Amino acid sequence: MGFLADSQKEGFGSSWGGLKSLVRRKQVDSAHFKRLGHHQLAKELTVPHLIAIGVGSTIGAGVYILVGTVAREHSGPALTISFLIAGIAAALSAFCYAELASRCPSAGSAYHYSYICVGEGVAWLIGWALILEYTIGGAAVARGISPNLALLFGGENSLPIFLARQHIPGLDIVVDPCAAVLVFIVTGLLCVGIKESTLAQGIVTTANVCVMIFVIVAGGYLGFKTGWTGYELPTGYFPFGVDGMLAGSATVFFAYIGFDSVASTAEEVKNPQRDLPLGIATALSICCGLYMLVSVVIVGLVPYYAMDPDTPISSAFASHGMQWAAYIITIGAVTALCSTLMGSILPQPRILMAMARDGLLPSFFSDVNKRTQVPVKSTLATGIVAATLSFFMDVSQLAGMVSVGTLLAFTMVAISVLILRYVPPDEVPLPSSLQESIDSVTLRYSRDAQVISGENPEISTSGDSSQPLLRNKNVAVDCPTVEKQEALASCTLNEENRRKIAGWTIMLTCVGAFTLTYAASNLWLLSLLRFTLCGAGGVLLLSGLIVLTCIDQDDARHNFGHTGGFICPFVPLLPIACILINFYLLINLGTATWARVSVWLLIGVLVYAFYGRTHSSLLDAVYVPAAHADEIYRSSGDSLA
């Protein structure tokens with residue numbers, strides 16, 4: 001008995017075999033999960049905390065260097081427009097994150113959303129890629145702090161001997177004790193509690209923002225005093241053309257990576273439906289505004305071709321007789337790196353915890369400390385690995401791998417929004433321990449279905465309750481007329497066709513976006529083949545956009561997850577544009593980066609095949625129509641009472 005006749009338990013079993021686990025989807029976490037033994041994180045965060053996390057994780061020391069490199073090589077005086085375009089592109093992903101974070105406010109971020117909307121296989125790869133991103137990112141940031149600290153103390157070798165970098169001849173490596181110590185300090189702070197660690201990150205982030213405001217105000221004063229010489233050039237505002245400005249946008253886009261850390265703390269937010277969208281939007285707006293104002297000032301002080309690619313801001317002030325400003329800017333770089341380090345280590349324990357809750361990783365990672373309500377074991381494991389990497393390895397060559405995890409996550413979040421709107425999951429998994437309640441509800445709905453069809457439920461010989469149920473709740477069971485039966489059949493058929501069309505359209509749209517960006521980015525392809533692929537990809541993309549615009553979105557979207565939160569605007573246009581941009585950036589990361597990432601993802605596939613697949617919490621789950629899940633939970637609660 002029960003709803004075991006659903007497609008995920010039997011329909012795919014004969015044809016997919018073991019691969020059916022890849023399409024298992026979990027339900028949105030709810031109050032029912034507390035009864036099933038899930039330890040909850042502390043709900044301590046409000047909008048100011050989320051802004052501190054978002055701004056601190058996003059504005060790193062890279063901006064103190066990036067303005068010089070991009071202005072010299074790509075954008076010229078149009079650097080501000082490059083930052084604006086990149087900010088708009090990042091906002092597309094932020095809109096998608098805001099809706100999913102408010103609907104599904106649990107730890108795990110993009111991994112969690114992918115598991116709910118797409119399936120277990122894709123979710124595992126996203127979670128595995130994010131583990132790599134935050135580990136490499138944290139280690140790389142930590143390695144960058146010690147050189148800047150040394151500058152504050154007077155030079156490259158001015159740190160105390162126990163903190164200074166040391167070369168080990170036998171192993172031919174340079175160890176960085178300062179980086180490891182800082183990682184352990186941040187790890188300890190995160191173990192104390194989310195509110196305390198966020199407060200510390202807010203203080204450090206405020207110091208960094210104050211330095212950027214100093215750059216804007218002091219630089220603006222110098223600019224008005226000297227006449228903004230950087231803009232009075234014969235080459236004009238676009239020395240590298242519009243193409244150069246767009247290339248600059250693609251480069252500075254990565255300066256906006258970090259706001260997704262806000263979504264990883266969703267379970268710890270007091271009012272996620274209101275605060276998460278506000279936190280994400282405000283953090284991204286502050287970052288975009290600061291980036292644009294800093295670039296306006298620095299490009300105006302010094303001609304773009306005369307900028308120092310390593311220290312553009314310090315050298316710009318030094319050229320106007322303000323050498324002392326270098327110390328303030330170095331303080332800003334150090335505080336930016338420290339806040340980014342916190343932002344890199346904060347999300348990973350929560351992703352590990354979410355994956356362990358789902359059974360894909362050992363339960364060790366899902367333990368939550370009862371006193372601090374923080375996943376202490378996951379945090380310590382993250383800190384130890386990041387500290388070891390930062391101590392022994394120069395991970396700068398692996399920095400490109402960080403971008404892969406982020407862009408894959410951005411892409412899957414946008415796809416998840418399309419799925420949520422057009423083909424939201426109509427079946428949810430329940431634990432097999434509720435089988436008795438499931439059978440009871442099944443039997444009741446089966447009898448109702450027989451009454452509607454005009455059968456006598458007492459003498460029916462086809463009362464197998466494992467058959468698919470009628471799922472239209474609006475049918476009146478006391479009016480078994482021919483017209484109602486025909487209307488119900490027509491409504492069910494039309495809805496099934498709409499879901500099939502929408503599902504295939506979403507898939508073909510993604511294929512078209514990938515084909516278009518791949519062909520457009522690979523100039524080595526034969527012209528005929530390249531233009532053919534571009535045309536085919538463009539047709540698929542535009543056709544998908546038109547079809548999704550014309551067909552209705554699923555009515556179930558209104559009740560999916562936690563309602564009353566942010567709703568992403570301009571669907572399907574906005575998510576499709578987001579997918580297109582992220583595909584373009586992913587394809588252009590380079591062959592070497594993808595080769596390294598492929599090795600890591602292959603390891604992840606093996607871990608999933610030999611552990612995650614067989615230990616998944618959905619292994620013995622019973623799938624039921626989503627409309628009946630709450631009734632089954634109530635029934636189980638009544639029976640326990």
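Above this note sits the structure.
The structure contained in this document is the topic of the report that follows. (Residues numbered from 1 in each chain as written. Predicted model: local features only at pLDDT ≥ 70, side-chain atom pairs only at ≥ 80, totals over all residues. Heavy atoms only, no water.)

1. Topic: the overall build of the chain
When helices and strands are counted, the chain shows 24 helices and four strands. For the chain, the proportion of its 641 residues judged to be buried stands at 53%. The long-range share in the chain, meaning contacts at least 24 apart out of those at least 6 apart in sequence, stands at 84%. Here the chain has roughly 27,400 Å² of accessible surface; of this, 66% comes from carbon and sulfur atoms. (Helix = DSSP H or I, 4+ residues; strand = E, 2+ residues; numbered from the N terminus. Buried < 20%, exposed > 50% of the residue type's maximum accessible area, 1.4 Å probe, protein only. Contact = heavy atoms within 4.5 Å. Areas by Shrake-Rupley, 256 points an atom, 1.4 Å probe, with all protein chains shown as cover.)

2. What about the nonpolar core?
Tyr64, Tyr97, Tyr291, Ile298, Ile313, Phe317 and Leu341 are the most contacted members of the largest nonpolar core, which totals 162 residues. For this core, the element with the most residues is helix H8 (residues 120–152), which contributes 16 residues. In this structure isoleucine 313 touches Val63, Tyr64, Val67, Val215, Val294, Ile298 and Ile329, once residues within four positions along its chain are discounted. Ranked by size, the runner-up nonpolar core spans 10 residues in total, among them Val428, Val441, Val624 and Ala629. (Core = buried A, V, L, I, M, F, W, Y, C linked by side-chain atoms within 4.5 Å.)

3. Observations regarding the side chain of aspartate 358
Residue position: aspartate 358 is located in the loop between helix H16 (347–357) and helix H17 (376–392). Overall, aspartate 358 belongs to the buried group, its relative accessible area being 8%. The residues contacting aspartate 358, other than those within four sequence positions of it, are Lys26, Tyr111, Tyr115, His615, Ser616 and Ser617.

4. Quick look at unusual backbone geometry
At the junction of valine 571 and proline 572, the peptide bond is cis and its omega measures out at 15° in the coordinates. With respect to the helices and strands, the residue proline 572 is situated in the loop between helix H21 (527–550) and helix H22 (573–587). Although it is not a glycine, tryptophan 228 sits at a positive phi angle of roughly 50°. Mapped onto the elements, tryptophan 228 comes out in the loop between helix H10 (194–226) and helix H11 (241–252).

5. Remarks on helix H15 (residues 325–345)
For H15, spanning 21 residues, the distance from its first C-alpha to its last is 31 Å, which sits close to the expected 30 Å at 1.5 Å a residue. H15 sits mainly inside the fold: 16 of its 21 residues count as buried. (Expected span 1.5 Å × (residues − 1).)

6. With respect to the environment of serine 21
Tracing the chain through its elements places serine 21 in the loop between helix H2 (13–16) and helix H3 (32–35). Here serine 21 falls in the buried class, since its relative accessible area comes to 2%. Taking C-alpha positions, serine 21 is 6.7 Å from arginine 613, a pair spaced 592 residues apart along the chain. For serine 21, the contacting residues outside a window of four places in its chain are Glu120, Gly121, Tyr608 and Arg613.

7. Things to note about the pairing of strand E3 (residues 427–430)
Here E3 shows two buried faces, one formed by Glu427 and Pro429 and the other by Val428 and Leu430. Pairing between E3 and strand E4 (residues 622–625): four bridges, direction antiparallel. The residue bridging proline 429 from the neighbouring strand is tyrosine 623, located in E4. (Pairing = 2+ DSSP bridges.)

8. Notes on a nonpolar patch on the surface
Residues Leu125, Leu602, Val605, Leu606 and Phe610 make up a contiguous nonpolar surface patch of roughly 500 Å² in combined accessible area. With four residues, helix H23 (residues 591–615) is the single largest residue contributor to the nonpolar patch. On the secondary structure map, leucine 606 appears in helix H23. (Patch = residues over 30% accessible without salt bridge, like charges linked within 9 Å, V, L, I, M, F, W, Y side chains within 5 Å. Salt bridge = Lys/Arg side-chain N within 4 Å of Asp/Glu carboxyl O.)

9. A closer look at helix H9 (residues 177–192)
With 16 residues, H9 extends 23 Å between its outermost C-alpha atoms, agreeing within 8% with the 22 Å of an ideal straight helix rising 1.5 Å per residue. Residues Pro177, Cys178, Ala179, Ala180, Leu182, Val183, Val186, Thr187, Leu190 and Cys191 constitute the buried set of H9. Residues of H9 that are buried sit in contact with H8, strand E2 (173–175), H10, H15 and H17.

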